[in-house]
Amino acid sequence: MPLLYNYILPTVITTVAIILFVVIFTKKYRNADEAQKLLPIRVIFWMLIATEIFKIFFLISRNGSYDTTRYPVVFCSAVMYTYPLFCFKKNRLSNVAKAYSVIPSFVVFLLFVAVQGNYKMSLIQGHSYFYHGAMMAVAVYLLTVRLYVFRLRDFYPLALALSGYVLFCTVLSLCIGGELSIFGPKSGYLGFLYNLFGYVAGNLLLCAAILLLCFGTYGIIHLCTKGKQKKEVSHA
């Protein structure tokens, strides 16, 4: 019963909400212009900002302090900074911001769901389900309405952006002497890497792995897309 309440129901509800969001707004805006297609993302952006502010004040009122692991610069918070780069005004960072909002959101959502069975449902847990569900919904929606189209050359700026974030967390974690996101010196998730190579070297290796993973992911998508296009041409 605790598993049903704490994990299964929230996961099912979040998944259904993601599907409804994508289906409804894809159907509504598929053939619309770009400005109209961006409207649902703008709404999500302001909702994320509002719930994040609520979370900050709630945690301070409940705990009397605000832990560094909850700072709005953890990896999952990145979309609050990437969405404005493309959903309000197009600029030279718009495309990499969209890329940052797609593949990383898929990965984060899947990892989030994978570990939630260890936690009890609470108001903060409810916020986490909403936040990660919104990230996933926007990521899928960007693809279904073709606001973002995978291009092989996009792997490099995305890898640079992700690596830049990891290095930012490395420096900031050392400066504040605390844990920031999952890239802090005492990270439970990456502790094995830091134990083997050290903190700074471990994160540099992580940046190299990010580069390879981005290239591999975009390379596979590129080959699949290219193969599909060849089939369509041969059948034409």
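Check the entry above for the structure.
On a predicted model such as this, the values are computed, not experimentally measured, just so you know. (Residues numbered from 1 in each chain as written. Predicted model: local features only at pLDDT ≥ 70, side-chain atom pairs only at ≥ 80, totals over all residues. Heavy atoms only, no water.)

### Remarks on the overall build of the protein
Along the backbone of the protein there are 11 helices and zero strands. Its C-alpha atoms put the protein at 65 × 40 × 40 Å along the principal axes. Buried residues in the protein amount to 41% of all 236 residues. Contacts spanning at least 24 positions in sequence make up 68% of the contacts within the protein whose residues lie at least 6 apart. Of note, the protein has its 21 positive side-chain charges centred 6 Å away from the centre of its 7 negative side-chain charges. (Helix = DSSP H or I, 4+ residues; strand = E, 2+ residues; numbered from the N terminus. Buried < 20%, exposed > 50% of the residue type's maximum accessible area, 1.4 Å probe, protein only. Contact = heavy atoms within 4.5 Å. Lys, Arg positive; Asp, Glu negative; His and termini not counted. Charge placed at Lys NZ, Arg CZ, Asp CG, Glu CD.)

### Some remarks on the nonpolar core
Residues Ile-41, Leu-48, Tyr-83, Phe-86, Leu-142 and Phe-183 are the most contacted members of the largest nonpolar core, which totals 56 residues. Sorting elements by how many residues they give to this core places helix H8 (residues 123-144) first, with 10 residues. Contacts of Leu-48, omitting those with residues within four sequence positions, involve Val-79, Met-80, Tyr-83, Phe-130, Tyr-131 and Ala-134. (Core = buried A, V, L, I, M, F, W, Y, C linked by side-chain atoms within 4.5 Å.)

### A word on helix H1 (residues 2-29)
For H1, with 28 residues, the first-to-last C-alpha span of 40 Å sits near the 40 Å given by 1.5 Å per residue. Of all bends in H1, the biggest is about 35°, found at Ile-8, and the proline Pro-10 comes one to four residues later. All of the buried residues in H1 are Asn-6, Pro-10, Thr-11, Thr-14, Ile-18, Phe-21, Val-22, Thr-26 and Tyr-29. In the core, the buried residues of H1 are packed alongside helix H2 (34-37), helix H3 (39-63), helix H7 (103-115) and H8. (Expected span 1.5 Å × (residues − 1). Bend = angle between axes of the 7 residues up to and from the residue.)

### Let's talk about the side chain of Ser-105
Looking at where Ser-105 falls in the secondary structure, it is placed in helix H7. Residue classification places Ser-105 among the buried residues on the basis of a relative accessible area of 1%. Residues contacting Ser-105, with those up to four places away along its chain left out, are Val-79, Tyr-100, Met-135, Met-136 and Ala-139.

### Some details on unusual backbone geometry
Phi at Arg-146 takes a positive value of approximately 60°, unusual for a residue other than glycine. One can find Arg-146 in the loop between H8 and helix H9 (155-176). Take Arg-146: its relative accessible area is 61%, and that puts it in the exposed class.

### A few points about the environment of Cys-214
Among the secondary structure elements, Cys-214 is positioned in helix H11 (residues 199-235). For Cys-214, a relative accessible area of 7% puts it in the buried group. Here the alpha-carbon distance between Cys-214 and Ile-56, two residues 158 residues apart in the chain, equals 33 Å. Apart from residues no more than four positions distant in its own chain, Cys-214 is found in contact with Phe-155, Leu-158, Ala-159 and Leu-162.

### A few points about the pattern of salt bridges
For the structure on display, the rule yields three salt bridges. The closest approach of N and O atoms between Glu-52 and Lys-55, which form a salt bridge, is 3.0 Å. Placement of the pair is Glu-52 and Lys-55 together in helix H3, with a separation of three residues, close to one helical turn. The closest approach of N and O atoms between Arg-151 and Asp-154, which form a salt bridge, is 3.1 Å. With a relative accessible area of 31%, Arg-151 lands in the partly exposed category. (Salt bridge = Lys/Arg side-chain N within 4 Å of Asp/Glu carboxyl O.)

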